[in-house]
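Structural characterization, general
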Amino acid sequence: YALAQASTTANFEPKEVSPLNAVKQIDRPVILLHGTNDQRISFAYGKQLYENLTSKDKRFVAMEGAGHNNIFAVNDSLYYNSIETFLADFGN
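Residues numbered from 1 in each chain as written. Predicted model: local features only at pLDDT ≥ 70, side-chain atom pairs only at ≥ 80, totals over all residues. Heavy atoms only, no water.

Some thoughts on the pattern of salt bridges
Pairing is possible between side chains that carry opposite charge, provided their charged atoms lie close to one another. Taken as a whole, this structure holds 2 salt bridges when the rule is applied. We note a salt bridge from Arg 28 to Asp 27, for which the minimum N-O separation is 4.0 Å. Residues Arg 28 and Asp 27 agree in their burial class; the two are exposed. One salt bridge in this structure joins Asp 89 and Arg 59, with 2.9 Å as the shortest N-O distance. Placement of Asp 89 in helix 5 (residues 76–90) and of Arg 59 in strand 2 (residues 58–63) is noted, with a sequence separation of 30 residues between them. Arg 59 sits in the partly exposed class, given a relative accessible area of 23%. (Salt bridge = Lys/Arg side-chain N within 4 Å of Asp/Glu carboxyl O. Buried < 20%, exposed > 50% of the residue type's maximum accessible area, 1.4 Å probe, protein only. Helix = DSSP H or I, 4+ residues; strand = E, 2+ residues; numbered from the N terminus.)

Right under this line is the structure:
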């Protein structure tokens, strides 16, 4: 429903919108933290998004045992350490 409403409002065809293609336009540093037990967006799809990123400065962090909304609660130290390291490496 939300996609149908958005496509009407913004005048686009939902079948033509592809995150896998859109990420090919991103050339800035990107970090993706993805729960291995995500039931909304599959872990495999998260990896595909990462692989399609054009950016050379990218990092993928598998959050073992986490779902879609609880990556911080499952492993807050990995969450914080991953972001801090990423910013130290790429945060100019």
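Looking at the environment of Ile 26
In this fold, Ile 26 is placed in the loop between helix 2 (19–22) and strand 1 (30–35). With relative accessibility at 31%, the residue Ile 26 sits in the partly exposed group. In contact with Ile 26, not counting residues within four places along its chain, are Leu 53, Thr 54 and Ser 55. (Contact = heavy atoms within 4.5 Å.)

Observations concerning helix 5
Between its first and last C-alpha atoms helix 5 spans 21 Å; for 15 residues at 1.5 Å apiece the expected length is 21 Å, and the two agree. Among the residues of helix 5, Ser 82, Phe 86 and Phe 90 are the ones counted as buried. Taken down its axis, helix 5 places every buried residue within 30 degrees of arc, on the same side. The outward face of helix 5, more than 90 degrees from its buried face, is lined by the exposed residues Glu 84 and Ala 88. For helix 5, the elements touching its buried residues are strand 1 and strand 2. (Expected span 1.5 Å × (residues − 1). Arc of directions from axis to C-beta.)

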